[in-house]
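# Structural characterization, general
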Amino acid sequence: MISIQTDDVDIGALIIAAKKHGTGAVVVFDGVVRDDDITEMELEAYEDVATQELVKLATTATEQFRLLHVDIIHRIGRLAVGENILIIVVAAGHRGEAYAGSRFIIEAIKAGVPIWKKELTKDGGRWVTGEHGHGKPKTG
Amino acid sequence: MSVKIRFFARFRELLGSDIMTDVAAGTMFTPLITTVAKKNPEGYTAIFDEKGAFREFVILMKNGKRIEIADAAKTPVVDGDEIAVFPPVAGG
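Residues numbered from 1 in each chain as written. Chains lettered and ligands numbered in written order. Predicted model: local features only at pLDDT ≥ 70, side-chain atom pairs only at ≥ 80, totals over all residues.

What follows covers the packing of helix α2 (residues 47-65) of chain A against helix α3 (residues 95-112) of chain A. Between two packed helices, what matters for the description is the angle formed by their axes and the separation of those axes. Residues and elements named next belong to chain A. Put simply, α2 and α3 touch, their axes get as near as 10 Å, and they point 150 degrees apart. Relative to α3, the element α2 lies roughly antiparallel. Between α2 and α3 the crossing geometry is right-handed. Every residue of α3 that contacts α2 at Glu 53, Leu 57, Ala 61, Gln 64 and Phe 65 is listed here: Glu 97, Ala 100, Gly 101, Phe 104, Ile 105, Ala 108, Ile 109 and Gly 112. (Axes fitted to C-alpha atoms, helices over the stretch in contact; angles between N-to-C directions. Helix = DSSP H or I, 4+ residues; strand = E, 2+ residues; numbered from the N terminus. Parallel < 35°, antiparallel > 145°, perpendicular 65-115°, else oblique. Left-handed = near helix turned anticlockwise from the far one by under 90°. Contact = placed C-beta atoms within 7 Å.)

One finds Val90(A), Val85(B) and Phe86(B) to be the most contacted residues of the largest nonpolar core, which totals 62 residues. Discounting residues that sit within four places of it in the chain, Val85(B) has contacts with Phe7(B), Phe11(B), Ile33(B), Ile47(B), Val58(B) and Leu60(B). (Core = buried A, V, L, I, M, F, W, Y, C linked by C-beta atoms within 7 Å. Buried ≥ 20, exposed ≤ 12 C-beta atoms within 10 Å, placed from the backbone.)

Our focus in this paragraph is the sheet that holds strand β1 (residues 2-5) of chain A. Residues and elements named next belong to chain A. One open sheet accounts for 4 strands, arranged β1-β4-β6-β2; its pairing is mixed. Unpaired on one side and paired on the other, β1 and β2 (25-32) mark the two borders of the sheet. Within the sheet, the average angular offset between the axes of one strand and its neighbour, ignoring direction, is 5 degrees. As paired strands, strand β4 (residues 67-75) and strand β6 (residues 84-92) are joined by 7 bridges and run antiparallel to one another. Bridging across to β6, His 74 finds its partner in Leu 86. Sitting on the sheet, helix α1 (residues 11-18) touches β2, β4 and β6, and the angle it makes with β6 is about 20 degrees. Contacts from α3 reach β2, β4 and β6 within the one sheet, and its direction differs from that of β6 by about 145 degrees. (Pairing = 2+ DSSP bridges.)

Residue and element names in this part refer to chain B. Mean pLDDT over chain B: 96, with 100% of residues reaching 70 or higher. Confidence scores differ between elements of chain B, with strand β2 (residues 19-22) showing the lowest mean pLDDT of 95 and strand β3 (residues 59-62) the highest of 98. Confidence metrics for the complex model read pTM 0.91 and ipTM 0.93. (pLDDT = per-residue confidence, 0-100.)

Quick look at the sheet that holds strand β7 (residues 115-121) of chain A now. Whenever strands of a sheet pair, they do so through backbone hydrogen bonds, lying parallel or antiparallel. Residue and element names in this part refer to chain A. Reading across from one edge, β5-β3-β7-β8 is the order of the 4 strands in this open sheet, with antiparallel pairing throughout. In the strand order of this sheet, the two ends are held by β5 (77-80) and β8 (124-127), each with one partner. The sheet shows a mean angle of 30 degrees between the axes of neighbouring strands, taken without regard to direction.

The following block contains the structure:
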């Protein structure tokens, strides 16, 4: 499943569904709203483009790391501290491919998928600064 | 002819989003965004520098595809185009 959505997902059900024939490892990345003295977090996406890019990332990761299954669910809207923001579930024959594929996907999302986060505080809010300028991976 | 301009994140807060605007034939990407952004001085300075050039971190898209800042001034917009302007992404 590749999705940008407001609703949370059942990670346990995703893990069960990810176990295809030949699976030897399932890696789950669960990015959550950290308690950085905020009240909530608001997430916004350029949904059509972001979804297309997540699909491309899943395809690339599948080919590059011989994955057997990929789920990417990125939530948008207002989320409380501790809620899930991003769930990536990958399955592969071996742990090395599963870990590498999961890492590739999260780093690529942070580098270039049009999604933004605003931390809401008692005094207002602040947009989270992206880790990469101009949508390209940081070098060095 | 008309095009849709979409700002996101801080730019959306300052300038709005899903802005439908009529444009003349031959209109280029950069002057179109300049005109729309000038409706809010804070929005304009968030996107453009003191020389009127796109700030280097600004990301531009036309119909879902990236437009390099260097090419924006010579990129025409046509009827039905969707233009997007946004700051660096911060998902995940």
